[in-house]
Amino acid sequence: MTSTTTTSVTQPPGVRPATPQMLSHVAWVTHDSIATAEFYENVMGMPLVNAFTDPNVPSTGDPYPFLHFFHRMQDGSIVAWFESPGLPAPAPPSDPAYDIFNHLALLVESKEAVEAWVPWLHGHGIDTIGPVDHPGIAYSLYFYDPVNHIRLEVSHPLDPRWNSNEEFAHHAIAEWREMKREAEEAAPGDPREQARLVANMIQEGRARRPGHEGSAPAQ
Ligand SMILES: [Fe+2]
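Keep in mind the model is a prediction, meaning the values are calculated, not measured. (Residues numbered from 1 in each chain as written. Predicted model: local features only at pLDDT ≥ 70, side-chain atom pairs only at ≥ 80, totals over all residues.)

With respect to the sheet that holds strand 2 (residues 48-54)
Okay, so step 1: Taken together, the four strands give an open sheet; going across it, the order is 1-4-3-2, and neighbouring strands pair in mixed fashion. Of all strands in the sheet, those bounded by a partner on one side alone are strand 1 (25-29) and strand 2. Between one strand axis and the next, the sheet turns by 20 degrees as a mean value, whatever way the strands run.
Okay, so step 2: Here six bridges tie strand 2 to strand 3 (residues 66-72), and the two strands are oriented antiparallel to one another. Within strand 3, the position partnered with F52 by the bridge is H68. (Pairing = 2+ DSSP bridges. Helix = DSSP H or I, 4+ residues; strand = E, 2+ residues; numbered from the N terminus. Axes fitted to C-alpha atoms, helices over the stretch in contact; angles between N-to-C directions.)

Things to note about the confidence of the model for the chain
Okay, so step 1: Here the chain averages 92 in pLDDT, while 93% of its residues score no lower than 70.
Okay, so step 2: Below pLDDT 50 for its whole length, residues 215-219 participates in nine contacts with residues either more than four positions away or in separate chains. (pLDDT = per-residue confidence, 0-100. Contact = placed C-beta atoms within 7 Å.)

Side note on the environment of A187
Okay, so step 1: In this fold, A187 is placed in the loop between helix 4 (166-186) and helix 5 (191-208).
Okay, so step 2: The partly exposed category is assigned to A187, around which 15 C-beta atoms lie within 10 Å.
Okay, so step 3: A187 sits 17 residues away from E204 along the chain, and the two C-alpha atoms are 18 Å apart.
Okay, so step 4: When neighbours within four sequence positions are excluded, A187 is seen to be in contact with E193, Q194 and L197. (Buried ≥ 20, exposed ≤ 12 C-beta atoms within 10 Å, placed from the backbone.)

Re helix 4
Okay, so step 1: Taking 1.5 Å per residue, 21 residues should reach 30 Å; helix 4 reaches 30 Å between its end C-alpha atoms and fits that length.
Okay, so step 2: Of all 21 residues that make up helix 4, one are buried, and the element is exposed over most of its length. (Expected span 1.5 Å × (residues − 1).)

Structural notes on the nonpolar core
Okay, so step 1: Membership of the largest hydrophobic core is limited to eight residues, which are V114, W117, A138, Y139, L141, F143, L152 and V154.
Okay, so step 2: Every element with two or more residues in this core is listed here: helix 3 (111-123), strand 7 (138-144) and strand 8 (151-157).
Okay, so step 3: Those residues within four positions of V154 in sequence are excluded, and the remaining contacts are L106, V108, V114, W117, S140 and L141.
Okay, so step 4: Residues F39, Y40, F69 and W81 belong to the second largest nonpolar core, which totals seven residues. (Core = buried A, V, L, I, M, F, W, Y, C linked by C-beta atoms within 7 Å.)

Observations concerning the sheet that holds strand 7
Okay, so step 1: Strand order across the open sheet formed by four strands is 5-8-7-6, with mixed pairing between neighbours. Of all the strands in the sheet, just strand 5 (103-107) and strand 6 (129-134) have a single pairing partner and so form its edges. With strand direction ignored, the average angle separating the axes of adjacent strands in the sheet is 25 degrees.
Okay, so step 2: As defined by bridge partners, strand 6 adjoins strand 7 across four bridges and the pair is classed as antiparallel. Looking across to strand 7, one finds that D133 is bridged to Y139.

Given below as structure tokens:
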């Protein structure tokens, strides 16, 4: 094993490195490279732009031979895959919610562009959900990568400030911490009841702020 793990043992420098510029790539394991490359190239329109093999994992030296391949979007960001022979299928999630929440969202140029994906995907035998209007956030269509069961979203932002509400976001996350704390105190050791209480608190919050549905109010 040629693994070299670097561990932080010192105080960090006073200046934080620059914020990352954009998504370089996201990568998952596939068990069918051919079908995956066909789906991303021909259905999603993301060209296959690089691929390589290695008998070992370069970063750790682990002895997993693999093919790694890359599909590019318009801005240069990449959806990438690994296939390594002999890997067993992944364990199913402990709750179906993981297959709903975990997803990859791809930005398109307009609401019409979102809608254009519906007949295209249906024509390729892929079921869709939506388009769903998320007020103040995005107009989104959801479906699954039919080869790898990754939940995908094709999305157009409805408000140019949707990713610039820093103050609102920090308030919302603090409020969330408070809701969780209240629910844990009211129903210790009962996660289902805690979830019900949090759902009630979200509804009460909406009633106090008409038109507010979890996104920053229009200014
Ligand atoms: Fe999303």
